[in-house]
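Close look at the chain arrangement
Listed below, chain by chain, are the residues.
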Amino acid sequence: MRFGRIATPEGMTFAVIDEAGEVAKAIAGTPYTDPEYTGKEYKLEDVRLLAPTLPSKIVAVGRNYADHVAEVFKESAEHLPPTIFIKPPTAVVGPGAPIRIPDFATGVEFEGELAVVIGVPCKNVKAKDWKSVVRGVTIINDVSSRDLQFSDGQWARAKGIDTFAPLGPWIETDLDKFDFSDLPIKAHLTHDGKTETKQDSNSKQMIMNIGEMIEWVTQSFTLLPGDVMATGSPAGTAEMVPGDFIEVEIPGIGSLGNPVARA
């Protein structure tokens, strides 16, 4: 099942999106319980997709791909193991919404990542039980100002600026259809009318798997329904500037595309 959030002439609502990605059936409540349909249906082309969840926080696992550690930090993952940081909910935008870069944020790069959406309140989850607390998966673009990241010495401002967490297009709840140990992740950057595939990697490059990450994160943080865990960026990230368009693609979920603009 796919859960999305849409803006309609009547307002915003959560909805179940059909497999073809053409029809949205509105539901009462949230995606974290069995859906109660309202009877209203919309063609997806007639509504606007929003970020599919409203997280209280985005907990991200950084430096979870060794090749990305090498390209950004110029050191090996043995010396710089995975770390945890948080992006605020105010950074979230949906598919098609612009990523707005303020003047003080320079060296801004995309990071296409698999994201996990939590379905129940959880704490101290064991790695083997991770699916019992997850509602589904989606895509996140962990937008980052590299200059701020290194000048500040910590990552809150560099990664937490408004619009620096595009999320979507929806939550895919059928976890069993994925092989999370072998999941392609791509990002395509359009600049001056030319599109190039910049990230072309696979989740098999992860240092920690999803279960290990959830166990590690929930040792410290209680996760709530709708919270998002970003699982780390593969190599291939690159700078993007106003006028560009970035699209992140993960098979079985879909694609998340956003234009880049000046704030």
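Since the model is a prediction, treat every value here as computed from it, not as a measurement.

Scanning the protein for helices and strands turns up four helices and 19 strands. Relative to the globule expectation of 18 Å for 263 residues, the C-alpha radius of gyration of the protein, 17 Å, shows essentially globular dimensions. Overall, the protein is about 55 × 45 × 30 Å in size when its C-alpha atoms are taken along their principal axes. By the burial criterion, 55% of the 263 residues in the protein qualify as buried. Taking contacts inside the protein between residues at least 6 apart in sequence as the whole, the part at least 24 apart equals 71%. Accessible area for the protein stands at about 11100 Å²; split by element, carbon and sulfur atoms hold 50% of it. Separation between the mean location of the 25 positive side-chain charges and that of the 37 negative ones in the protein comes to 3 Å.

Mapped onto the present numbering, the UniProt feature "domain: Rv2993c-like N-terminal" (unreviewed entry) falls at residues 1-52. Between the first and last C-alpha atoms of residues 1-52 the distance is 13 Å; the span itself is 0% helix and 60% strand.

This brings us to the pairing of strand β12 (residues 134-141). In terms of burial, β12 is largely enclosed, as seven of its eight residues are buried. Here strand β11 (residues 112-118) runs beside β12; their pairing, made up of seven bridges, is antiparallel. Looking at β12, one finds that isoleucine 118 is bridged to valine 134. Relative to strand β14 (residues 165-172), β12 runs antiparallel, the two being bridged by three bridges. Across the sheet, residue valine 137 finds its bridge partner in β14, namely glutamate 172.

Reading guide: rules and limits
Residues numbered from 1 in each chain as written. Predicted model: local features only at pLDDT ≥ 70, side-chain atom pairs only at ≥ 80, totals over all residues. Heavy atoms only, no water. Helix = DSSP H or I, 4+ residues; strand = E, 2+ residues; numbered from the N terminus. Rg over C-alpha atoms; globule rule 2.2 N^0.38 Å. Buried < 20%, exposed > 50% of the residue type's maximum accessible area, 1.4 Å probe, protein only. Contact = heavy atoms within 4.5 Å. Areas by Shrake-Rupley, 256 points an atom, 1.4 Å probe, with all protein chains shown as cover. Lys, Arg positive; Asp, Glu negative; His and termini not counted. Charge placed at Lys NZ, Arg CZ, Asp CG, Glu CD. UniProt positions renumbered as here; feature names shortened; annotations may be inferred. Pairing = 2+ DSSP bridges.

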